Amino acid sequence: MANLMLMIFQAAFFVLSVIILGISIISYRKSKIYIDLFEVVLYSVIVFTAFRTLILSHEAIPDEINLGGGLTINLILTIIIIFMPVQFLLYLGDLRKFYTFPTITAFFMILNLYLSGIILYYRIAIIVIGAISFAILFYEGLKRKNGKILSFAFVFMYGLSYFPINIIVGLIFQDIGLLMMILGATGFLDKYILIDEHTQEKIHKIRNTWIARRFLVE
Amino acid sequence: MDVELRYITQLIGNWTSIFVVPLMAIIIAIRLFREYKQTKQINYVRLLILCIFIAFTWAIIPTNMAEVPPFNTFISGEIIGLTEEKINPYSISIGLMVSFALSLIAYANKWEILYYTALSFYPTILASAILNNMDPAFDIFNMYYIYTAAVIGIVFFYVTGFRLRDNGSLGLGILFSIAFGALAFGENVIGDIFTISIAIFGLIFSLGFFTPFKTKQIEG
(Lines give C-alpha, C1' and ligand atoms only; values in the text may rest on other atoms or scores of the structure.)
Protein backbone atom coordinates (compact mmCIF):
# COMPACT_ATOMS: atom_id res chain seq x y z
CA MET A 1 0.00 0.00 0.00
CA ALA A 2 2.81 2.34 0.99
CA ASN A 3 4.62 1.49 -2.25
CA LEU A 4 1.49 2.22 -4.27
CA MET A 5 1.11 5.59 -2.54
CA LEU A 6 4.74 6.38 -3.27
CA MET A 7 4.27 5.44 -6.91
CA ILE A 8 1.21 7.69 -7.19
CA PHE A 9 3.24 10.56 -5.74
CA GLN A 10 6.07 9.93 -8.16
CA ALA A 11 3.67 9.72 -11.10
CA ALA A 12 2.15 13.03 -9.98
CA PHE A 13 5.65 14.59 -9.80
CA PHE A 14 6.38 13.39 -13.29
CA VAL A 15 3.15 14.81 -14.72
CA LEU A 16 3.66 18.13 -12.92
CA SER A 17 7.24 18.44 -14.09
CA VAL A 18 6.14 17.77 -17.71
CA ILE A 19 3.53 20.52 -17.34
CA ILE A 20 6.16 23.00 -16.05
CA LEU A 21 8.50 22.05 -18.89
CA GLY A 22 5.69 22.69 -21.38
CA ILE A 23 4.93 26.09 -19.82
CA SER A 24 8.60 27.08 -19.82
CA ILE A 25 9.03 26.06 -23.49
CA ILE A 26 6.00 28.16 -24.48
CA SER A 27 7.33 31.03 -22.39
CA TYR A 28 10.77 30.83 -24.03
CA ARG A 29 9.31 30.65 -27.54
CA LYS A 30 7.39 33.84 -26.83
CA SER A 31 10.10 35.85 -25.08
CA LYS A 32 13.39 34.38 -26.45
CA ILE A 33 15.23 35.58 -23.34
CA TYR A 34 17.96 33.67 -21.48
CA ILE A 35 16.09 33.56 -18.17
CA ASP A 36 13.44 31.37 -19.86
CA LEU A 37 16.04 29.26 -21.63
CA PHE A 38 17.58 28.49 -18.21
CA GLU A 39 14.17 27.31 -17.09
CA VAL A 40 13.78 25.04 -20.12
CA VAL A 41 17.15 23.36 -19.49
CA LEU A 42 16.54 22.99 -15.78
CA TYR A 43 13.04 21.59 -16.14
CA SER A 44 14.24 19.14 -18.79
CA VAL A 45 16.67 17.72 -16.22
CA ILE A 46 13.89 17.64 -13.63
CA VAL A 47 11.55 15.80 -16.00
CA PHE A 48 14.29 13.29 -16.66
CA THR A 49 14.91 12.75 -12.93
CA ALA A 50 11.18 12.45 -12.23
CA PHE A 51 10.84 9.87 -15.02
CA ARG A 52 13.85 7.97 -13.74
CA THR A 53 12.51 7.92 -10.17
CA LEU A 54 9.20 6.68 -11.50
CA ILE A 55 10.65 3.75 -13.44
CA LEU A 56 13.08 2.90 -10.62
CA SER A 57 10.15 2.17 -8.34
CA HIS A 58 9.64 -0.93 -10.49
CA GLU A 59 11.41 -3.84 -8.86
CA ALA A 60 12.93 -5.24 -12.07
CA ILE A 61 15.08 -2.14 -12.61
CA PRO A 62 18.26 -1.78 -10.50
CA ASP A 63 18.13 1.06 -8.01
CA GLU A 64 21.50 2.68 -8.71
CA ILE A 65 23.76 2.43 -11.73
CA ASN A 66 27.36 2.83 -10.62
CA LEU A 67 29.62 4.33 -13.26
CA GLY A 68 32.85 3.80 -11.31
CA GLY A 69 34.20 4.82 -7.89
CA GLY A 70 31.42 6.65 -6.08
CA LEU A 71 29.81 8.05 -9.22
CA THR A 72 26.19 7.24 -9.89
CA ILE A 73 23.66 8.67 -12.35
CA ASN A 74 21.76 10.13 -9.40
CA LEU A 75 24.83 12.09 -8.29
CA ILE A 76 25.43 13.48 -11.80
CA LEU A 77 21.82 14.65 -11.95
CA THR A 78 22.06 16.24 -8.51
CA ILE A 79 25.22 18.08 -9.56
CA ILE A 80 23.46 19.43 -12.68
CA ILE A 81 20.36 20.44 -10.69
CA ILE A 82 22.40 22.21 -8.00
CA PHE A 83 24.72 24.01 -10.42
CA MET A 84 22.01 25.35 -12.74
CA PRO A 85 20.88 28.00 -10.19
CA VAL A 86 24.53 28.93 -9.59
CA GLN A 87 25.01 29.50 -13.32
CA PHE A 88 21.77 31.45 -13.37
CA LEU A 89 23.01 33.55 -10.45
CA LEU A 90 26.17 34.47 -12.36
CA TYR A 91 24.08 35.35 -15.39
CA LEU A 92 21.82 37.47 -13.21
CA GLY A 93 24.75 39.40 -11.78
CA ASP A 94 26.32 39.71 -15.27
CA LEU A 95 29.51 38.18 -13.87
CA ARG A 96 30.78 37.12 -17.29
CA LYS A 97 34.32 36.52 -16.05
CA PHE A 98 33.03 33.73 -13.77
CA TYR A 99 30.65 32.03 -16.21
CA THR A 100 32.85 28.92 -16.56
CA PHE A 101 33.29 28.37 -12.79
CA PRO A 102 30.19 26.15 -12.27
CA THR A 103 31.12 23.99 -15.27
CA ILE A 104 34.71 23.55 -14.03
CA THR A 105 33.61 22.74 -10.48
CA ALA A 106 30.93 20.30 -11.70
CA PHE A 107 33.44 18.61 -14.03
CA PHE A 108 35.96 18.08 -11.21
CA MET A 109 33.28 16.87 -8.82
CA ILE A 110 32.24 14.21 -11.34
CA LEU A 111 35.90 13.32 -12.01
CA ASN A 112 36.68 13.03 -8.28
CA LEU A 113 33.61 10.90 -7.66
CA TYR A 114 34.63 8.67 -10.57
CA LEU A 115 38.20 8.23 -9.37
CA SER A 116 37.49 7.75 -5.68
CA GLY A 117 34.58 6.54 -3.64
CA ILE A 118 34.80 9.44 -1.19
CA ILE A 119 31.55 11.39 -1.40
CA LEU A 120 31.97 13.38 1.80
CA TYR A 121 33.68 16.37 0.06
CA TYR A 122 31.03 16.27 -2.64
CA ARG A 123 28.20 16.45 -0.08
CA ILE A 124 29.82 19.29 1.85
CA ALA A 125 30.54 21.26 -1.34
CA ILE A 126 27.08 20.73 -2.81
CA ILE A 127 25.30 21.80 0.41
CA VAL A 128 27.49 24.89 0.85
CA ILE A 129 27.23 25.96 -2.83
CA GLY A 130 23.51 25.16 -2.98
CA ALA A 131 22.71 26.97 0.28
CA ILE A 132 24.62 30.09 -0.80
CA SER A 133 22.86 30.20 -4.19
CA PHE A 134 19.50 29.57 -2.47
CA ALA A 135 20.04 32.50 -0.07
CA ILE A 136 21.19 34.92 -2.78
CA LEU A 137 18.47 33.98 -5.28
CA PHE A 138 15.79 34.14 -2.57
CA TYR A 139 16.97 37.61 -1.56
CA GLU A 140 17.27 38.82 -5.18
CA GLY A 141 13.84 37.42 -6.02
CA LEU A 142 12.24 39.35 -3.18
CA LYS A 143 14.26 42.51 -3.88
CA ARG A 144 13.49 42.58 -7.60
CA LYS A 145 9.97 41.23 -7.02
CA ASN A 146 10.61 38.57 -9.64
CA GLY A 147 8.83 35.24 -9.25
CA LYS A 148 11.09 33.38 -11.65
CA ILE A 149 14.22 34.26 -9.67
CA LEU A 150 12.48 33.30 -6.44
CA SER A 151 11.35 29.96 -7.84
CA PHE A 152 14.91 29.22 -9.02
CA ALA A 153 16.04 29.46 -5.39
CA PHE A 154 13.83 26.50 -4.51
CA VAL A 155 15.65 24.25 -6.97
CA PHE A 156 18.14 23.75 -4.11
CA MET A 157 15.35 22.25 -2.02
CA TYR A 158 14.42 19.98 -4.91
CA GLY A 159 18.07 18.91 -5.28
CA LEU A 160 18.31 18.16 -1.55
CA SER A 161 15.59 15.54 -1.89
CA TYR A 162 18.10 13.42 -3.87
CA PHE A 163 20.35 13.20 -0.82
CA PRO A 164 20.13 10.10 1.36
CA ILE A 165 17.63 11.61 3.79
CA ASN A 166 14.39 10.38 5.31
CA ILE A 167 11.97 9.45 2.51
CA ILE A 168 9.13 11.60 3.91
CA VAL A 169 11.41 14.62 4.39
CA GLY A 170 12.67 14.07 0.84
CA LEU A 171 9.12 14.04 -0.50
CA ILE A 172 8.26 17.22 1.40
CA PHE A 173 11.36 18.94 -0.02
CA GLN A 174 10.47 17.74 -3.50
CA ASP A 175 6.86 18.92 -3.00
CA ILE A 176 7.84 22.41 -1.87
CA GLY A 177 10.53 22.75 -4.53
CA LEU A 178 8.27 21.66 -7.37
CA LEU A 179 5.32 23.72 -6.13
CA MET A 180 7.43 26.87 -6.00
CA MET A 181 8.78 26.18 -9.49
CA ILE A 182 5.25 25.78 -10.85
CA LEU A 183 4.17 29.00 -9.18
CA GLY A 184 7.19 30.78 -10.63
CA ALA A 185 6.84 29.36 -14.16
CA THR A 186 3.12 30.10 -14.39
CA GLY A 187 3.61 33.70 -13.25
CA PHE A 188 1.45 33.16 -10.15
CA LEU A 189 4.15 34.54 -7.84
CA ASP A 190 4.52 37.69 -9.94
CA LYS A 191 0.80 38.26 -10.20
CA TYR A 192 -0.45 37.55 -6.68
CA ILE A 193 2.44 37.42 -4.22
CA LEU A 194 5.29 39.66 -5.35
CA ILE A 195 3.15 42.61 -6.36
CA ASP A 196 5.27 45.54 -7.48
CA GLU A 197 3.33 48.58 -6.31
CA HIS A 198 5.38 50.99 -8.39
CA THR A 199 4.68 49.07 -11.62
CA GLN A 200 1.03 48.58 -10.69
CA GLU A 201 0.71 52.30 -10.12
CA LYS A 202 2.26 52.99 -13.54
CA ILE A 203 -0.12 50.54 -15.23
CA HIS A 204 -3.05 52.12 -13.43
CA LYS A 205 -2.00 55.60 -14.62
CA ILE A 206 -1.61 54.42 -18.21
CA ARG A 207 -5.04 52.80 -18.09
CA ASN A 208 -6.58 55.97 -16.71
CA THR A 209 -4.95 58.06 -19.41
CA TRP A 210 -6.26 55.71 -22.06
CA ILE A 211 -9.78 55.84 -20.66
CA ALA A 212 -9.61 59.65 -20.36
CA ARG A 213 -8.42 60.04 -23.97
CA ARG A 214 -11.07 57.70 -25.27
CA PHE A 215 -13.64 59.58 -23.27
CA LEU A 216 -12.47 62.90 -24.76
CA VAL A 217 -12.46 61.60 -28.31
CA GLU A 218 -15.88 60.11 -27.90
CA MET B 1 85.07 14.62 -27.56
CA ASP B 2 81.27 14.47 -27.75
CA VAL B 3 81.03 14.09 -23.99
CA GLU B 4 83.26 17.13 -23.46
CA LEU B 5 81.26 19.24 -25.93
CA ARG B 6 78.04 18.22 -24.24
CA TYR B 7 79.49 19.09 -20.83
CA ILE B 8 80.47 22.57 -22.06
CA THR B 9 77.12 23.31 -23.78
CA GLN B 10 75.19 22.05 -20.75
CA LEU B 11 77.26 24.21 -18.43
CA ILE B 12 76.80 27.33 -20.60
CA GLY B 13 73.08 26.66 -21.12
CA ASN B 14 72.37 26.05 -17.44
CA TRP B 15 74.38 28.97 -16.07
CA THR B 16 73.08 31.41 -18.69
CA SER B 17 69.47 30.55 -17.90
CA ILE B 18 70.10 30.64 -14.13
CA PHE B 19 71.19 34.28 -14.45
CA VAL B 20 69.14 35.52 -17.38
CA VAL B 21 65.64 34.12 -16.60
CA PRO B 22 65.32 35.86 -13.18
CA LEU B 23 66.82 38.96 -14.79
CA MET B 24 64.01 38.92 -17.36
CA ALA B 25 61.44 38.79 -14.54
CA ILE B 26 63.14 41.69 -12.74
CA ILE B 27 63.22 43.83 -15.92
CA ILE B 28 59.49 43.18 -16.54
CA ALA B 29 58.73 43.98 -12.87
CA ILE B 30 60.65 47.29 -13.08
CA ARG B 31 58.85 48.27 -16.30
CA LEU B 32 55.49 47.37 -14.73
CA PHE B 33 56.26 49.40 -11.63
CA ARG B 34 57.43 52.41 -13.68
CA GLU B 35 54.28 52.31 -15.78
CA TYR B 36 52.16 52.08 -12.64
CA LYS B 37 53.93 55.11 -11.16
CA GLN B 38 53.30 57.15 -14.30
CA THR B 39 49.71 56.16 -15.02
CA LYS B 40 48.53 54.97 -11.56
CA GLN B 41 46.98 52.01 -13.35
CA ILE B 42 48.07 48.38 -13.50
CA ASN B 43 48.86 47.09 -16.98
CA TYR B 44 47.32 43.61 -16.71
CA VAL B 45 49.04 42.32 -19.85
CA ARG B 46 52.42 43.20 -18.37
CA LEU B 47 51.38 41.79 -14.99
CA LEU B 48 50.46 38.47 -16.61
CA ILE B 49 53.78 38.44 -18.50
CA LEU B 50 55.52 39.02 -15.14
CA CYS B 51 53.61 36.09 -13.62
CA ILE B 52 54.68 33.90 -16.58
CA PHE B 53 58.32 34.87 -16.06
CA ILE B 54 58.13 34.31 -12.28
CA ALA B 55 56.74 30.81 -12.90
CA PHE B 56 59.44 30.29 -15.54
CA THR B 57 62.12 31.34 -13.04
CA TRP B 58 60.68 28.96 -10.46
CA ALA B 59 60.78 26.15 -13.03
CA ILE B 60 64.23 26.73 -14.46
CA ILE B 61 66.49 27.74 -11.55
CA PRO B 62 66.17 24.66 -9.28
CA THR B 63 66.19 22.19 -12.21
CA ASN B 64 69.27 23.76 -13.80
CA MET B 65 71.05 24.06 -10.47
CA ALA B 66 70.45 20.36 -9.81
CA GLU B 67 72.48 19.63 -12.94
CA VAL B 68 75.57 21.80 -12.37
CA PRO B 69 78.37 21.53 -9.78
CA PRO B 70 78.60 22.43 -6.93
CA PHE B 71 74.79 22.69 -6.47
CA ASN B 72 74.11 19.17 -7.79
CA THR B 73 75.65 17.75 -4.61
CA PHE B 74 72.98 19.15 -2.30
CA ILE B 75 69.95 19.91 -4.56
CA SER B 76 68.03 16.69 -5.08
CA GLY B 77 66.40 16.33 -8.47
CA GLU B 78 63.90 13.88 -6.98
CA ILE B 79 62.49 16.46 -4.56
CA ILE B 80 62.23 19.43 -6.93
CA GLY B 81 61.25 17.16 -9.83
CA LEU B 82 62.81 17.17 -13.25
CA THR B 83 59.91 16.02 -15.41
CA GLU B 84 56.28 17.01 -15.97
CA GLU B 85 55.15 13.38 -15.81
CA LYS B 86 54.37 13.70 -12.08
CA ILE B 87 52.93 16.43 -9.91
CA ASN B 88 56.02 18.05 -8.37
CA PRO B 89 57.26 21.64 -7.85
CA TYR B 90 58.69 21.71 -11.39
CA SER B 91 55.51 20.53 -13.14
CA ILE B 92 53.38 22.84 -10.95
CA SER B 93 55.45 25.84 -12.10
CA ILE B 94 55.08 24.78 -15.75
CA GLY B 95 51.33 24.28 -15.20
CA LEU B 96 51.02 27.77 -13.72
CA MET B 97 53.07 29.22 -16.56
CA VAL B 98 50.80 27.79 -19.26
CA SER B 99 47.70 28.79 -17.27
CA PHE B 100 48.89 32.41 -17.06
CA ALA B 101 49.67 32.23 -20.78
CA LEU B 102 46.10 31.12 -21.59
CA SER B 103 44.70 33.91 -19.41
CA LEU B 104 46.91 36.41 -21.22
CA ILE B 105 45.57 35.21 -24.58
CA ALA B 106 41.99 35.54 -23.32
CA TYR B 107 42.75 39.02 -21.98
CA ALA B 108 44.47 40.19 -25.16
CA ASN B 109 41.55 38.98 -27.29
CA LYS B 110 38.95 40.37 -24.82
CA TRP B 111 37.37 36.92 -24.36
CA GLU B 112 35.88 37.94 -21.04
CA ILE B 113 34.30 34.56 -20.25
CA LEU B 114 37.71 32.86 -20.41
CA TYR B 115 39.69 35.37 -18.29
CA TYR B 116 39.87 33.15 -15.20
CA THR B 117 39.09 29.76 -16.75
CA ALA B 118 42.65 28.43 -16.95
CA LEU B 119 43.60 30.06 -13.65
CA SER B 120 40.76 28.25 -11.89
CA PHE B 121 41.09 24.98 -13.82
CA TYR B 122 44.71 24.30 -12.88
CA PRO B 123 44.44 24.85 -9.09
CA THR B 124 41.37 22.58 -9.15
CA ILE B 125 43.52 19.79 -10.65
CA LEU B 126 46.01 20.25 -7.79
CA ALA B 127 43.28 20.46 -5.13
CA SER B 128 41.65 17.29 -6.53
CA ALA B 129 45.00 15.47 -6.45
CA ILE B 130 45.53 16.47 -2.80
CA LEU B 131 41.98 15.44 -1.81
CA ASN B 132 42.51 12.06 -3.51
CA ASN B 133 45.82 11.35 -1.70
CA MET B 134 47.89 12.19 -4.81
CA ASP B 135 46.16 9.59 -6.96
CA PRO B 136 48.46 8.78 -9.95
CA ALA B 137 45.52 9.45 -12.29
CA PHE B 138 45.98 13.15 -11.57
CA ASP B 139 49.67 12.95 -12.57
CA ILE B 140 48.53 11.90 -16.05
CA PHE B 141 45.80 14.53 -16.04
CA ASN B 142 48.34 17.19 -15.02
CA MET B 143 50.76 16.15 -17.78
CA TYR B 144 48.07 16.18 -20.47
CA TYR B 145 46.87 19.57 -19.27
CA ILE B 146 50.40 21.01 -19.51
CA TYR B 147 51.03 19.71 -23.03
CA THR B 148 47.58 20.63 -24.34
CA ALA B 149 47.64 24.10 -22.79
CA ALA B 150 51.20 24.68 -24.07
CA VAL B 151 50.27 23.80 -27.66
CA ILE B 152 47.07 25.88 -27.51
CA GLY B 153 49.07 28.71 -25.92
CA ILE B 154 51.76 28.72 -28.62
CA VAL B 155 49.23 28.58 -31.49
CA PHE B 156 47.11 31.38 -30.03
CA PHE B 157 50.14 33.54 -29.19
CA TYR B 158 51.05 33.52 -32.89
CA VAL B 159 47.42 34.03 -33.96
CA THR B 160 46.97 36.92 -31.50
CA GLY B 161 50.36 38.39 -32.37
CA PHE B 162 49.63 38.56 -36.09
CA ARG B 163 45.95 39.38 -35.76
CA LEU B 164 46.35 42.26 -33.34
CA ARG B 165 49.89 43.14 -34.51
CA ASP B 166 50.97 42.70 -30.89
CA ASN B 167 54.70 42.43 -30.20
CA GLY B 168 54.13 40.94 -26.72
CA SER B 169 52.03 38.00 -27.92
CA LEU B 170 54.31 37.25 -30.84
CA GLY B 171 57.40 37.47 -28.61
CA LEU B 172 55.92 35.09 -26.06
CA GLY B 173 54.92 32.74 -28.91
CA ILE B 174 58.53 32.60 -30.11
CA LEU B 175 59.84 32.24 -26.53
CA PHE B 176 57.45 29.38 -25.78
CA SER B 177 58.31 27.70 -29.08
CA ILE B 178 62.02 27.75 -28.18
CA ALA B 179 61.22 26.43 -24.67
CA PHE B 180 59.08 23.68 -26.21
CA GLY B 181 61.96 22.84 -28.55
CA ALA B 182 64.34 22.56 -25.59
CA LEU B 183 61.86 20.23 -23.90
CA ALA B 184 61.37 18.14 -27.05
CA PHE B 185 65.07 17.69 -27.87
CA GLY B 186 65.89 16.78 -24.27
CA GLU B 187 69.32 16.35 -22.75
CA ASN B 188 71.75 16.74 -25.64
CA VAL B 189 73.74 19.45 -27.47
CA ILE B 190 70.77 20.60 -29.58
CA GLY B 191 68.63 20.85 -26.43
CA ASP B 192 71.34 22.97 -24.82
CA ILE B 193 71.48 25.31 -27.84
CA PHE B 194 67.73 25.79 -27.47
CA THR B 195 68.21 26.53 -23.72
CA ILE B 196 70.84 29.20 -24.54
CA SER B 197 68.48 30.63 -27.19
CA ILE B 198 65.75 31.02 -24.53
CA ALA B 199 68.09 33.22 -22.49
CA ILE B 200 69.22 35.32 -25.48
CA PHE B 201 65.74 35.86 -26.93
CA GLY B 202 64.21 36.34 -23.47
CA LEU B 203 66.62 39.16 -22.73
CA ILE B 204 65.89 40.88 -26.04
CA PHE B 205 62.14 40.50 -25.40
CA SER B 206 62.12 41.72 -21.80
CA LEU B 207 64.29 44.75 -22.62
CA GLY B 208 61.69 45.77 -25.19
CA PHE B 209 63.90 45.41 -28.28
CA PHE B 210 61.61 42.86 -29.94
CA THR B 211 59.36 45.15 -31.98
CA PRO B 212 58.57 43.64 -35.39
CA PHE B 213 55.32 45.64 -35.46
CA LYS B 214 56.20 49.31 -35.23
CA THR B 215 53.68 51.68 -33.69
CA LYS B 216 52.96 54.82 -35.72
CA GLN B 217 53.37 58.17 -34.02
CA ILE B 218 50.49 60.49 -34.82
CA GLU B 219 51.72 64.06 -35.12
CA GLY B 220 49.80 67.21 -34.70
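Above this note sits the structure.
The structure reproduced in this document is the subject of the present report.

Cut-offs and rules
- Residues numbered from 1 in each chain as written.
- Chains lettered and ligands numbered in written order.
- Predicted model: local features only at pLDDT ≥ 70, side-chain atom pairs only at ≥ 80, totals over all residues.
- Heavy atoms only, no water.
- Helix = DSSP H or I, 4+ residues; strand = E, 2+ residues; numbered from the N terminus.
- Rg over C-alpha atoms; globule rule 2.2 N^0.38 Å.
- Buried < 20%, exposed > 50% of the residue type's maximum accessible area, 1.4 Å probe, protein only.
- Contact = heavy atoms within 4.5 Å.
- Areas by Shrake-Rupley, 256 points an atom, 1.4 Å probe, with all protein chains shown as cover.
- Axes fitted to C-alpha atoms, helices over the stretch in contact; angles between N-to-C directions.
- Left-handed = near helix turned anticlockwise from the far one by under 90°.
- Nonpolar A, V, L, I, M, F, W, Y, C, P; charged D, E, K, R; others polar.
- Salt bridge = Lys/Arg side-chain N within 4 Å of Asp/Glu carboxyl O.
- Polar contact = N/O pair within 3.5 Å; in protein donor to acceptor, adjacent residues only side chain to side chain.
- Core = buried A, V, L, I, M, F, W, Y, C linked by side-chain atoms within 4.5 Å.
- Expected span 1.5 Å × (residues − 1).
- Phe/Tyr/Trp six-rings, centres within 6.5 Å; stacked < 30°, edge-to-face > 60°.

1. Concerning the overall build of chain B
In terms of helices and strands, chain B carries 8 helices and 0 strands. In sequence order, the secondary structure elements of chain B are arranged as α-α-α-α-α-α-α-α. Radius of gyration (C-alpha) of chain B: 18 Å, near the 17 Å computed for a compact globule of 220 residues. Seen through its principal axes, chain B has C-alpha atoms that stretch 65 × 45 × 30 Å. In chain B, which comprises 220 residues, the proportion classed as buried is 46%. Across chain B, every contact between residues at least 6 apart in sequence was considered, and the portion connecting residues at least 24 apart equals 66%. In the structure as shown, chain B presents an accessible area of about 11,800 Å², 69% of it carried by carbon and sulfur atoms.

2. Observations concerning the overall build of chain A
For chain A, the count of helices and strands is 10 helices and 2 strands. The N-to-C order of helical and strand elements in chain A reads α-α-β-β-α-α-α-α-α-α-α-α. If you take every contact in chain A between residues at least 6 apart in sequence, the share linking residues at least 24 apart comes to 68%. When the accessible area of chain A is evaluated, it comes to approximately 12,500 Å², of which 70% is carbon and sulfur surface.

3. Points about the packing of helix H4 (residues 89–108) of chain B against helix H6 (residues 136–163) of chain B
Residue and element names in this part refer to chain B. The geometry of H4 relative to H6 is characterised by a closest axis approach of 9 Å and an angle of 35° between their N-to-C directions. Crossing hand, H4 versus H6: left-handed. Seen from H4, the contacting residues are Ser91, Ile94, Gly95, Val98, Ser99, Ala101, Leu102, Leu104, Ile105 and Ala108; seen from H6, they are Asn142, Tyr145, Ile146, Ala149, Ala150, Ile152, Gly153, Phe156, Phe157 and Thr160. Across the contact of H4 with H6, the residue classes break down as 14 nonpolar, 6 polar and no charged.

4. Describing unusual backbone geometry
Residues and elements named next belong to chain B. Of note, Lys40 is a non-glycine position whose phi angle comes to about 60°, a positive value. Looking at where Lys40 falls in the secondary structure, it is placed in the loop between helix H1 (2–39) and helix H2 (44–65). A positive phi angle, near 50°, is found at Arg165, a position not held by glycine. You can see Arg165 is positioned in the loop between H6 and helix H7 (167–185).

5. Re the interface of chain B and chain A
Between chain B and chain A, the contact holds 16 residues from the first and 15 residues from the second. In this assembly, chain B and chain A are joined by 1 salt bridge. Here chain B is connected to chain A by 3 residue pairs in polar contact (both at pLDDT 80 or more). Among the elements of the structure, helix H5 (117–131) and H6 of chain B are those that each provide at least two residues to the side of chain B that touches chain A. The dominant element in the side of chain B that touches chain A, judged by the number of residues it contributes, is H5 of chain B, at 7 residues.

6. Description of the nonpolar core
Grouped together as the largest cluster of nonpolar side chains are 41 residues, with contacts concentrated most on Ile52, Phe53, Phe56, Leu172 and Phe176 of chain B. Of all the elements, H2 of chain B adds the most residues to this core, at 10 residues. For Phe56 of chain B, the residues in contact, after removing those within four places along its chain, are Val21, Met24, Met97 and Ile198 of chain B. Core analysis: the second largest hydrophobic core is formed by 35 residues, Phe88, Ala153, Tyr158 and Met180 of chain A among them.

7. Observations regarding the environment of Ser151 of chain A
Its location among the elements puts Ser151 of chain A in helix H6 (residues 147–153). Separated by 27 residues in the primary sequence, Ser151 of chain A and Leu178 of chain A place their C-alpha atoms 8.9 Å from one another.

8. Quick look at helix H8 (residues 167–186) of chain A
Residues and elements named next belong to chain A. In this model H8 runs 28 Å from its N-terminal to its C-terminal C-alpha over 20 residues, within 8% of the 28 Å that 1.5 Å per residue would give. Along H8, the residues that are buried comprise Gly170, Leu171, Gln174, Gly177, Leu178, Met180, Met181, Ile182, Leu183, Gly184 and Ala185. Phi turns positive one or two residues past the end of H8, at Gly187, with a value near 85°.

9. Some remarks on the packing of aromatic side chains
For the structure on display, the rule yields 26 aromatic pairs over all chains. Residues Trp111 of chain B and Phe156 of chain B carry aromatic rings whose centres are separated by 5.8 Å and whose planes lie at 85° to one another, so their mutual orientation is edge-to-face. Of the two residues, Trp111 of chain B is situated in the loop between H4 and H5 and Phe156 of chain B in helix H6; the sequence distance between them amounts to 45 residues. Judged by relative accessible area, which is 33%, Trp111 of chain B ranks as partly exposed. Ring plane angle 25° and centroid distance 6.4 Å describe the contact between Phe121 of chain B and Phe141 of chain B, whose orientation is recorded as stacked. One end of the pair, Phe121 of chain B, is in helix H5; the other, Phe141 of chain B, is in helix H6, with 20 residues separating them in the sequence. A network of ring pairs unites the aromatic residues Phe107 and Phe108 of chain A together with Phe121, Tyr122, Phe141 and Tyr145 of chain B as a single cluster.

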